[in-house]
Amino acid sequence: RLKVVQGRPGGKKQETNNYCGVAVIQAALLRMGFTGRAQSTIANYVWTNWLGMTLPSKMDDGLNVYMGSASYKYVQYDRSSTNDSIVQMAASISRNRPTPLLVRPHDLPGGGGGLHPLTRHWLLVDGYAGTISPSGALVTDRVSYWDPWTTETSTLTPNQLAYAAISAGYSSVGQITYVSS
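The paragraphs below set out a description of the structure included in this document. These numbers come from a predicted model, not from an experiment.

Secondary structure summary: the chain contains six helices and seven strands in total. Its helices and strands in sequence order give the chain the pattern β-α-α-α-α-β-α-β-β-β-β-α-β, from N to C terminus. Relative to the globule expectation of 16 Å for 181 residues, the C-alpha radius of gyration of the chain, 15 Å, shows essentially globular dimensions. Expressed along its principal axes, the backbone C-alpha trace of the chain runs to roughly 50 × 40 × 25 Å. For the chain, buried positions account for 48% of its 181 residues. Here the contacts in the chain between residues at least 6 apart in sequence split such that 60% fall between residues at least 24 apart. Charge separation in the chain, taken as the distance between the mean sites of 15 positive and 10 negative side-chain charges, equals 6 Å.

Of all hydrophobic cores here, the largest spans 23 residues; its most connected members are Ile25, Leu29, Met32, Leu63 and Trp122. Secondary-structure elements contributing two or more residues to this core are helix H1 (20-31), helix H2 (39-45), helix H4 (56-67) and strand E4 (121-132). Looking at this core element by element, the count peaks at seven residues for H1. For Leu63, the residues in contact, after removing those within four places along its chain, are Ile25, Ala28, Leu29, Met32, Tyr74, Pro100 and Val179. Judged by nonpolar contacts, the second largest core, of 21 residues, contains Ile93, Leu101, Val125 and Tyr145.

Moving on to the pattern of salt bridges. Following the criterion strictly, the structure yields four salt bridges and no others. Lys58 is the partner of Asp61 in a salt bridge, and the nearest nitrogen-oxygen pair spans 3.3 Å. Here Asp61 and its partner Lys58 are both found in helix H4, three residues apart, which amounts to about one turn of the helix. The class of Lys58 is buried, set by a relative accessible area of 12%.

The rules behind the values
- Residues numbered from 1 in each chain as written.
- Predicted model: local features only at pLDDT ≥ 70, side-chain atom pairs only at ≥ 80, totals over all residues.
- Heavy atoms only, no water.
- Helix = DSSP H or I, 4+ residues; strand = E, 2+ residues; numbered from the N terminus.
- Rg over C-alpha atoms; globule rule 2.2 N^0.38 Å.
- Buried < 20%, exposed > 50% of the residue type's maximum accessible area, 1.4 Å probe, protein only.
- Contact = heavy atoms within 4.5 Å.
- Lys, Arg positive; Asp, Glu negative; His and termini not counted.
- Charge placed at Lys NZ, Arg CZ, Asp CG, Glu CD.
- Core = buried A, V, L, I, M, F, W, Y, C linked by side-chain atoms within 4.5 Å.
- Salt bridge = Lys/Arg side-chain N within 4 Å of Asp/Glu carboxyl O.

The following block contains the structure:
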């Protein structure tokens, strides 16, 4: 059985070179129905203006503060299993909670758009396509994502996601860093 889930499109281009995490938070909130959050306000809350980047440990704070008492709060994960990461992202997306993912854009299909090879960058994973196995498990073929640098959407296979994300691991190389509910 085929299963496809796609998030609502939308999101504003990151306003500065280091606001990718901020723009991803803003886009995720917008897609969940929380409007009116300025990137500069989010950047102050998650310390991007102070640190010059958005740390994974602040991404969940930036999402949860605006969600009030909503269930399925966001948490930062660092996992070595691509399959476990994608299954958790798919579950979050199915609850209308898109998932920020840390990557090295240089390792995405098509390269990094001129960015330095060691640059880390936040994307918003907002959809997936796969099949349901006879045992009822999701077997994901692709995930879709929105890029705050280009405001374009694209897709990744699990192998492409792993390649781009594992090299960007925040806690350690070899880990996929994402924020999911």
